[in-house]
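Listed here are the chains, written in short residue letters.
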Amino acid sequence: MSSGVSVWEPGGATRPDMETLKNYITVMRQADVTDLAASMSRADIKKGAALMKPGPDAFSVAESLSDAEIETLIRFFTLAEMQLSGWDGGQDSPVIPLVRILKARGAFKADLRRWIKANTDNRFLPYGAL
């Protein structure tokens, strides 16, 4: 008989796959960005919460995406952290490694930095802990 209590298991999947990232890009392009939850299933919301505290280099898969796709993911994860329960990233937010990818390419622009700051209360965004 199940008690209904979920148990955190270390070593769980915190590495996104390309399909998941592409789905989030699609959500951002097609959804009402003021209500991401309305465009996602409960299962996807629950599954995605584990990506908010990824392990080291978990977002290296995103390096094969275009600058525009990475920017879309940055916007998605910034908004998701504010809107979706359990999606708190803090200093481990996926926005940080995604920003690092754009910075390494010389493609991180000041207007995206301003947008992130305007749409989050996470003091670690966009660069992480100092």
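Residues numbered from 1 in each chain as written. Predicted model: local features only at pLDDT ≥ 70, side-chain atom pairs only at ≥ 80, totals over all residues. Heavy atoms only, no water.

J.: Residues and numbers for the overall build of the protein chain, please.
T.: Summing up its helical and strand segments, the protein chain has five helices and zero strands in all. When the elements of the protein chain are put in sequence order from the N terminus, they spell out α-α-α-α-α. Taking all 130 residues of the protein chain together, the buried fraction comes to 39%. Of the contacts made within the protein chain by residues no fewer than 6 positions apart, 77% connect residues no fewer than 24 positions apart. Accessible surface computed for the protein chain: about 7,800 Å², of which carbon and sulfur atoms make up 50%. (Helix = DSSP H or I, 4+ residues; strand = E, 2+ residues; numbered from the N terminus. Buried < 20%, exposed > 50% of the residue type's maximum accessible area, 1.4 Å probe, protein only. Contact = heavy atoms within 4.5 Å. Areas by Shrake-Rupley, 256 points an atom, 1.4 Å probe, with all protein chains shown as cover.)

J.: Kindly report on the nonpolar core, identifying the contributing residues and their values.
T.: Soluble globular proteins tend to bury their nonpolar side chains together. Judged by nonpolar contacts, the single largest core of 36 residues is most densely connected at Ile 74, Phe 76, Phe 77, Trp 87 and Leu 98. Of all the elements in the fold, those that place two or more residues in this core are α1 (18-30), α3 (67-83), α4 (95-105) and α5 (110-118). Not counting the four nearest positions on each side in its chain, Leu 98 is found in contact with Phe 59, Ala 62, Ile 70, Leu 73, Ile 74 and Phe 77. (Core = buried A, V, L, I, M, F, W, Y, C linked by side-chain atoms within 4.5 Å.)

J.: Would you mind going over the packing of aromatic side chains in detail, with residue names and values included?
T.: Throughout the structure, instances matching the rule amount to eight aromatic pairs. Ring plane angle 65° and centroid distance 6.0 Å describe the contact between Tyr 24 and Trp 87, whose orientation is recorded as edge-to-face. Note that Tyr 24 is positioned in helix α1 and Trp 87 in the loop between α3 and α4, a separation of 63 residues in sequence. The buried category is assigned to Tyr 24, whose relative accessible area is 6%. With relative accessibility at 0%, the residue Trp 87 sits in the buried group. Judged by centre distance (5.6 Å) and plane angle (90°), the ring pair of Phe 59 and Phe 77 falls under edge-to-face. Of this pair, Phe 59 sits in the loop between α2 (42-49) and α3 while Phe 77 sits in helix α3, placing them 18 residues apart in sequence. Assigned by exposure class, Phe 59 and Phe 77 land together as buried. Between Arg 75 and the ring centre of Trp 115, over which it is positioned, the NZ or CZ distance is 4.6 Å. (Phe/Tyr/Trp six-rings, centres within 6.5 Å; stacked < 30°, edge-to-face > 60°. Lys NZ or Arg CZ within 6 Å of the ring centre and 35° of its normal.)

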